[in-house]
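# Remarks on the overall topology
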Amino acid sequence: MAIVLPERQTVLHSWCVQNEWDAPTIVGGDGARLHTDDGRSILDMSSLAECSNLGHQHPRIVKAIRAQAEKLCFVTNAWGAEPRAQLASLLLERTGYAGGRVFFTLGGTDANEHAVKFARQASGKPRGWIVTRDRSYHGASYAAMALSGDARTRAQADPEAFRVLHVPPPYSYRCPYGTRTDAECGEAAAARIAEVIGERGAEKVAAVLMEPNAGTNGIIAPDSFWPALRRATHEAGVYLIADEVMSGFGRCGEWFAWQRYGEAAHPDLMTLAKGLTGAHLPLGAVVLSAQVARALEPQMLYTGLTYCGHPLSCAAGLAALESYLEEDLIGRSRALGKAMREQLRRMELRHAVIGEVRGGHGLFAVVELVRDRLTREPLAPWPQQHPALRKLLQEGLRRGVSFAARGNLLLLAPPLVIRENELAEALDLLDRLLAELAIDLKGSSS
Ligand SMILES: Cc1ncc(COP(=O)(O)O)c(C=O)c1O
């Protein structure tokens, strides 16, 4: 057998500086825990990339993949496949998109690209503009980078060239609209989108694409935002696409984050991935409302990738949906999210470095770290990461808990199956690590 070289010498890893990559090798997992090749157990407080909602190696999903593999591994979309049909039906039922359709993709990036294609085609605005937010993330293909409001990749994909317009986000802690309350910030952000649509001409704008509340980049829109945005897009006759790639499947305390705002807040299209299979196999989806589906019905679709709607992935998705239902994981996320938020709020009283704790509608919360609570000066300018926070993450891992951060924000998003005692253990450790971080900060400023 060939000698196996260390992965850090042979694999090009994503979203990192290559010669800084130095991660443990994971050989197994169960529940909220991952197991390393040197026999350690790590508590996963981020569900890897906020995707392992059902924990690692969920037995029901592993079994479903195995059973499907024995029957049929693959046929293209040109043929029907049983698990594909079953999953589409269940998804339409769960999303409340009766009479709609599902287009299966390989993940979140191509779900967003396809949602944009469908919105343009169904609206009869083939080159229509798409409105998205600054400080958003919608994927890493060229079109998805243009959709994303991410300064780091702006030079690679010019939004104008992809006919994408960015607007400031409803970031109420640092409201770009200068408002005083959360509610006002959400309303001002929605009003700005209505204005941008008006300036460009509603007949030239195909869709607005946004996350309903919890944002991948740590911004959580106030509750006033999404309903106001839904009203504004209805009035303008512009489709609303909800990117639920991260926020879907219980992460925000509902099946889908927009459901927090009731039926009237229903988007025209939504994109899914991550929690759809709980990351056991790659799968994404665009769910189209009956109206959008009807508009596309007689049209030719010049799109699709070889592995769209892969039967193995659909079988995993079906087992995942059954598990969310049977284990009441959405209710569990809501209850544990509330407990997590309360404990984080208690930490906020103890640690001056915490500027704001937000979220916790479900098992997704953000802790924003600041140098000064009064001025709200961030620990490091976005999207940089302060060395003391890097040290906190390393120290957490060394003591058996994996935390995630974006810039100066800590993102807490454990699997929805995490046990109460595991969550308490992780938050106790975070409490101690924040105390140590404060000492490090004092040391570095004196
Ligand atoms: C909100 C959101 N949209 C889209 C994506 C892209 O999904 P994928 O990495 O599956 O392509 C992500 C991934 O992090 C995401 O969080």
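Look a little higher up for the structure.
This section reports on the structure supplied with the text. (Residues numbered from 1 in each chain as written. Predicted model: local features only at pLDDT ≥ 70, side-chain atom pairs only at ≥ 80, totals over all residues. Heavy atoms only, no water.)

## A word on the site of the ligand
- For the ligand, the set of nearby residues contains 13 residues, the closest of which are Gly 108, Thr 109, Thr 216, Asp 243 and Lys 274.
- Between the ligand and the protein, one listed contact pairs an oxygen atom with a backbone N or O atom of Gly 108 at 2.9 Å.
- Contact between the ligand and Thr 216: an oxygen atom at 2.8 Å from a side-chain N or O atom of the residue.
- When the ligand is considered free in solution it has 390 Å² of accessible area, and contact with the protein chains removes 81% of it. (Near = heavy atom within 4 Å. Polar contact = N/O pair within 3.5 Å; in protein donor to acceptor, adjacent residues only side chain to side chain. Areas by Shrake-Rupley, 256 points an atom, 1.4 Å probe, with all protein chains shown as cover.)

## Some thoughts on the packing of helix H12 (residues 387-398) against helix H13 (residues 420-445)
- It is at 10 Å that the axes of H12 and H13 come closest, and there the two elements cross at 145 degrees. Viewed along their axes, H12 and H13 form a crossing whose handedness is right-handed. The segment H12 lies against H13, with Ala 388, Leu 389, Lys 391, Leu 392, Glu 395 and Gly 396 engaging Leu 429, Leu 430, Leu 433, Leu 434, Glu 436, Leu 437, Asp 440 and Leu 441.
- Within the contact of H12 with H13, the residues separate by chemical class into nine nonpolar, one polar and four charged. (Axes fitted to C-alpha atoms, helices over the stretch in contact; angles between N-to-C directions. Helix = DSSP H or I, 4+ residues; strand = E, 2+ residues; numbered from the N terminus. Left-handed = near helix turned anticlockwise from the far one by under 90°. Contact = heavy atoms within 4.5 Å. Nonpolar A, V, L, I, M, F, W, Y, C, P; charged D, E, K, R; others polar.)

## Describing the sheet that holds strand S14 (residues 401-402)
- Ordered by their spatial adjacency, four strands build an open sheet running S1-S2-S3-S14, and the pairing between neighbours is mixed. One side of each edge strand has no neighbouring strand; the edge strands of this open sheet are strand S1 (26-30) and S14.
- Relative to strand S2 (residues 33-36), S1 runs antiparallel, the two being bridged by four bridges. Along S2, the bridge assignment pairs Gly 29 with Leu 34.
- Along the sheet, H13 contacts S2, strand S3 (41-44) and S14; its crossing angle with S3, the most-contacted strand, is approximately 90 degrees. (Pairing = 2+ DSSP bridges.)

## Regarding helix H7 (residues 182-200)
- Spanning 19 residues, H7 covers 28 Å between terminal C-alpha atoms, matching the ideal 27 Å at 1.5 Å per step.
- Of all the positions in H7, only Cys 185, Gly 186, Ala 189, Ala 190, Ile 193, Val 196 and Ile 197 are classed as buried. Taken end-on, H7 shows its buried residues confined to a sector of 130 degrees, consistent with a single buried face. Exposed residues lying more than 90 degrees from the buried face of H7 are Gly 198 and Glu 199. (Expected span 1.5 Å × (residues − 1). Buried < 20%, exposed > 50% of the residue type's maximum accessible area, 1.4 Å probe, protein only. Arc of directions from axis to C-beta.)

## Observations concerning the layout of surface pockets
- Here the second largest pocket defines a volume of roughly 560 Å³.
- A class-by-class count of the residues in the lining of the second largest pocket yields 13 nonpolar, six polar and three charged. (1 Å grid on protein atoms, 1.4 Å probe; cavity = no way out; pocket = protein on both sides within 12 Å on 5 of 7 lines; lining within 4 Å. Points joined across faces, edges and corners; volume = space filled by probe spheres on them.)

## Concerning the pattern of salt bridges
- Scanning all chains against the criterion turns up 25 salt bridges.
- Two residues, Arg 398 and Glu 395, come together in a salt bridge whose shortest N-O distance is 2.8 Å. Placement of both Arg 398 and Glu 395 in helix H12 is noted, with a separation of three residues, approximately one turn of the helix.
- Exposure remark for Arg 398: the relative accessible area of 57% places this residue in the exposed category.
- We note a salt bridge from Arg 399 to Glu 436, for which the minimum N-O separation is 2.7 Å. Note that Arg 399 is positioned in the loop between H12 and S14 and Glu 436 in helix H13, a separation of 37 residues in sequence.
- Judged by relative accessible area, Glu 436 falls into the partly exposed class, the value being 31%. (Salt bridge = Lys/Arg side-chain N within 4 Å of Asp/Glu carboxyl O.)

## Some words on a nonpolar patch on the surface
- A grouping of Leu 106, Leu 305 and Tyr 307 is seen on the molecular surface, where their side chains present a nonpolar patch of about 270 Å² in accessible area.
- Mapping Tyr 307 onto the fold places it in the loop between helix H9 (290-296) and helix H10 (311-326).
- Take Tyr 307: its relative accessible area is 47%, and that puts it in the partly exposed class. (Patch = residues over 30% accessible without salt bridge, like charges linked within 9 Å, V, L, I, M, F, W, Y side chains within 5 Å.)

## Comments concerning the sheet that holds strand S4 (residues 101-105)
- Pairing in this open sheet of seven strands is mixed, and the strands run S4-S10-S9-S8-S7-S5-S6 from one edge to the other. Lying at the two open borders of the sheet, with one neighbouring strand each, are S4 and strand S6 (164-167). On average, adjacent strands in this sheet sit at an angle of 20 degrees to one another, irrespective of strand direction.
- Bridging between strand S9 (residues 269-272) and strand S10 (residues 284-288) involves four bridges; their strand directions are antiparallel.

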